[in-house]
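# Results of the structural survey
Each chain, written out:
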Amino acid sequence: DTGVSQDPRHKITKRGQNVTFRCDPISEHNRLYWYRQTLGQGPEFLTYFQNEAQLEKSRLLSDRFSAERPKGSFSTLEIQRTEQGDSAMYLCASSQPTGTSGSVYEQYFGPGTRLTVT
Amino acid sequence: GEDVEQSLFLSVREGDSSVINCTYTDSSSTYLYWYKQEPGAGLQLLTYIFSNMDMKQDQRLTVLLNKKDKHLSLRIADTQTGDSAIYFCAERGYGGSQGNLIFGKGTKLSVKP
């Protein structure tokens, strides 16, 4: 297994443009998460999917952000009308239930997509 | 509210033990995690502890949990220069937020030769 992959690794865009990021989770992981990390901060949760269902969205996920996981495998995160405040590292993670009760859900992270909005 | 706090910096000499501390606010957190992030890289899961445990050891890593004080620590024995990184403590959300992890700001560990 090659781990969680994300594409692109870097994206520079002009304010007002739309961008889309892709995440490929570890195969057979049923949960997929998106986080955002800015300089000097820990990752902040955005949203997560169990299979194709989007189960939770953070208040940080404004209506300019949309995430999909149409077939329960890869996911996309789209940001419309980007703003300079959207500049950050966007991290994807995936997990599957582990532990004796199937409740541990260790999250494995990808390398991230660094977005710069100019 | 949910909050995880860590000291921002720690400097140790190679071969010494490192202790990274973390406090959290949610007493109903079920799992607590430690992640490592090296420059330009994603987060690497180091270890986790279930809230009904008070200690977990994994090779050079020892996690201590004081649930009464909501205090978590990560001890790295025989710290090496390759351990230099940012270490994040995280708690798993509770109730309706069981999917997400809540991270601290991270502790930057510098190991001097």
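Residues numbered from 1 in each chain as written. Chains lettered and ligands numbered in written order. Predicted model: local features only at pLDDT ≥ 70, side-chain atom pairs only at ≥ 80, totals over all residues. Heavy atoms only, no water.

### So, the overall build of chain B
Which entries qualify depends on this criterion: Helix and strand assignments follow DSSP, with helices taken as H or I runs no shorter than four residues and strands as E runs no shorter than two, numbered in order from the N terminus. Only the C-alpha atoms count toward the radius of gyration. The rule for a globule is 2.2 Å times the residue count to the power 0.38. Residue contacts follow a heavy-atom distance rule, with two residues in contact if any of their heavy atoms lie within 4.5 Å. To measure how exposed things are, a 1.4 Å probe is used in the Shrake-Rupley method; for residues, cover is taken only from the protein chains shown. The sign given to each residue is positive for Lys and Arg and negative for Asp and Glu; His and the chain ends receive no count. Each charge is placed at NZ for Lys, CZ for Arg, CG for Asp and CD for Glu.
Counting secondary structure elements, chain B contains zero helices and 11 strands. Shown N-terminal to C-terminal, the secondary structure of chain B runs as helices and strands in the order β-β-β-β-β-β-β-β-β-β-β. Here the C-alpha radius of gyration of chain B, 14 Å, is about what a compact globule of 113 residues would show, namely 13 Å. A principal-axis box enclosing the C-alpha atoms of chain B has dimensions of 45 × 30 × 20 Å. Here the analysis covers contacts within chain B between residues at least 6 apart in sequence; of these, 55% occur between residues at least 24 apart. Per element, the accessible surface of chain B, about 5,500 Å² overall, is 48% carbon and sulfur. The positive charge centre, built from 12 side chains, and the negative charge centre, built from 13, are 2 Å apart in chain B.

### Some remarks on the pattern of salt bridges
Residues and elements named next belong to chain A. The condition that has to hold: Any Lys or Arg side-chain nitrogen found within 4 Å of a carboxyl oxygen on Asp or Glu counts as a salt bridge. Accessible area is worked out with a 1.4 Å probe on protein chains only. A residue is then buried under 20% of its type maximum, exposed over 50%, and partly exposed in between.
Within the structure shown, the criterion is met by five salt bridges over all chains. For D24, the salt bridge identified is with R22, shortest N-O distance 2.7 Å. Judged by relative accessible area, D24 falls into the partly exposed class, the value being 26%. Of the residues examined, R22 reaches a relative accessible area of 33% and is grouped as partly exposed. Among the charged side chains, a network of salt bridges with common partners joins R64, E83 and D86.

### Here's the deal with the interface of chain B and chain A
What counts, and what does not: Summed over both partners, the accessible area (1.4 Å probe) lost when two parts come together is defined as the buried area. The definition of a polar contact used here is a pair of N or O atoms within 3.5 Å, where within protein one atom must be able to donate a hydrogen and the other to accept one, and adjacent residues in sequence count solely through side-chain atom pairs. Nonpolar residues are Ala, Val, Leu, Ile, Met, Phe, Trp, Tyr, Cys and Pro. Charged residues are Asp, Glu, Lys and Arg, and all others, Gly as well, are polar.
Listed by partner, the interface residues are 20 residues for chain B and 23 residues for chain A. Both faces considered, chain B and chain A share a buried interface measuring about 1,600 Å² in area, 50% of it formed by carbon and sulfur atoms. Between chain B and chain A we count zero salt bridges in total. In this assembly, chain B and chain A are joined by three residue pairs in polar contact (both at pLDDT 80 or more). Those elements giving two or more residues to the side of chain B that touches chain A turn out to be β4 (31-37), β5 (43-50), β9 (85-92) and β10 (101-103) of chain B. The greatest single-element share of the side of chain B that touches chain A, amounting to four residues, is contributed by β4 of chain B. Classifying every residue of the side of chain B that touches chain A by side-chain character gives nine nonpolar, nine polar and two charged.

### Notes on the sheet that holds strand β7 (residues 65-68) of chain A
Residue and element names in this part refer to chain A. Selection rule: A pair of strands is labelled paired if DSSP reports no fewer than 2 bridges between them. Axis lines are fitted to C-alpha atoms, over the contacting stretch for helices. Their N-to-C directions set the angle, which ranges from 0 to 180 degrees.
Read across the sheet, four strands follow the order β1-β3-β8-β7 without closing on themselves; strand pairing throughout is antiparallel. Either end of the sheet is taken by a strand with one partner, and the two such strands are β1 (5-7) and β7. Each strand axis lies, on average, 15 degrees off the axis of its neighbour in the sheet, ignoring direction. Of the pairings in the sheet, the one linking strand β3 (residues 19-24) to strand β8 (residues 75-79) comprises five bridges and is antiparallel in character. Paired with C23 across the two strands is S75, which belongs to β8.

Take it as geometry only, folks, not as evidence of what the structure does.
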